[in-house]
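# Structural description and commentary
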Amino acid sequence: MARRQRNEGFSDFMFGAGRRKSKEEREREEWELLFKQIDEIVLAVEELAPLLKQFAPLVDLFSKQK
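Residues numbered from 1 in each chain as written. Predicted model: local features only at pLDDT ≥ 70, side-chain atom pairs only at ≥ 80, totals over all residues. Heavy atoms only, no water.

## Focus: the overall build of the protein
- When its secondary structure is counted, the protein shows two helices and zero strands.
- The buried share of the protein, taken over its 66 residues, is 0%.
- With an accessible surface of roughly 6,700 Å², the protein has 60% of that area assigned to carbon and sulfur atoms. (Helix = DSSP H or I, 4+ residues; strand = E, 2+ residues; numbered from the N terminus. Buried < 20%, exposed > 50% of the residue type's maximum accessible area, 1.4 Å probe, protein only. Areas by Shrake-Rupley, 256 points an atom, 1.4 Å probe, with all protein chains shown as cover.)

Below you can see the structure in the form of structure tokens.
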């Protein structure tokens, strides 16, 4: 137990005491990051949709050959 307290003191000295976060706060940040990434994916797909529509006839051509 004393060793852990000593390590925490070192961590506080090196990185500051405010670096520790609760489990709930870390989970909330992970969820926010996940939703942000999903939002970026949706926006990218929306931007690429017109380009994909232009390639649809080419894909149809290859699918008819098989």
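## Some words on a nonpolar patch on the surface
- Taken together, the side chains of Leu48, Leu51, Leu52, Phe55, Leu58, Val59, Leu61 and Phe62 make up a nonpolar region of the molecular surface, amounting to roughly 770 Å² of accessible area.
- Summarising the element assignment, leucine 51 is placed in helix H2 (residues 23-65). (Patch = residues over 30% accessible without salt bridge, like charges linked within 9 Å, V, L, I, M, F, W, Y side chains within 5 Å. Salt bridge = Lys/Arg side-chain N within 4 Å of Asp/Glu carboxyl O.)

## Here's the deal with the pattern of salt bridges
- In this structure the tally under the stated criterion is one salt bridge.
- Note that glutamate 32 and arginine 28 form a salt bridge whose closest N and O atoms lie 2.8 Å from each other. On the criterion of helical spacing, the pair formed by glutamate 32 and arginine 28 is a turn pair, its members being four residues apart in helix H2.
- Looking at arginine 28, the relative accessible area reads 42%, which means it is partly exposed.

## Describing a negative patch on the surface
- Taken together, the side chains of Asp39, Glu40, Glu46 and Glu47 present a region of like negative charge at the surface.
- Under the relative-accessibility criterion, aspartate 39 is labelled partly exposed at 44%. (Lys, Arg positive; Asp, Glu negative; His and termini not counted. Charge placed at Lys NZ, Arg CZ, Asp CG, Glu CD.)

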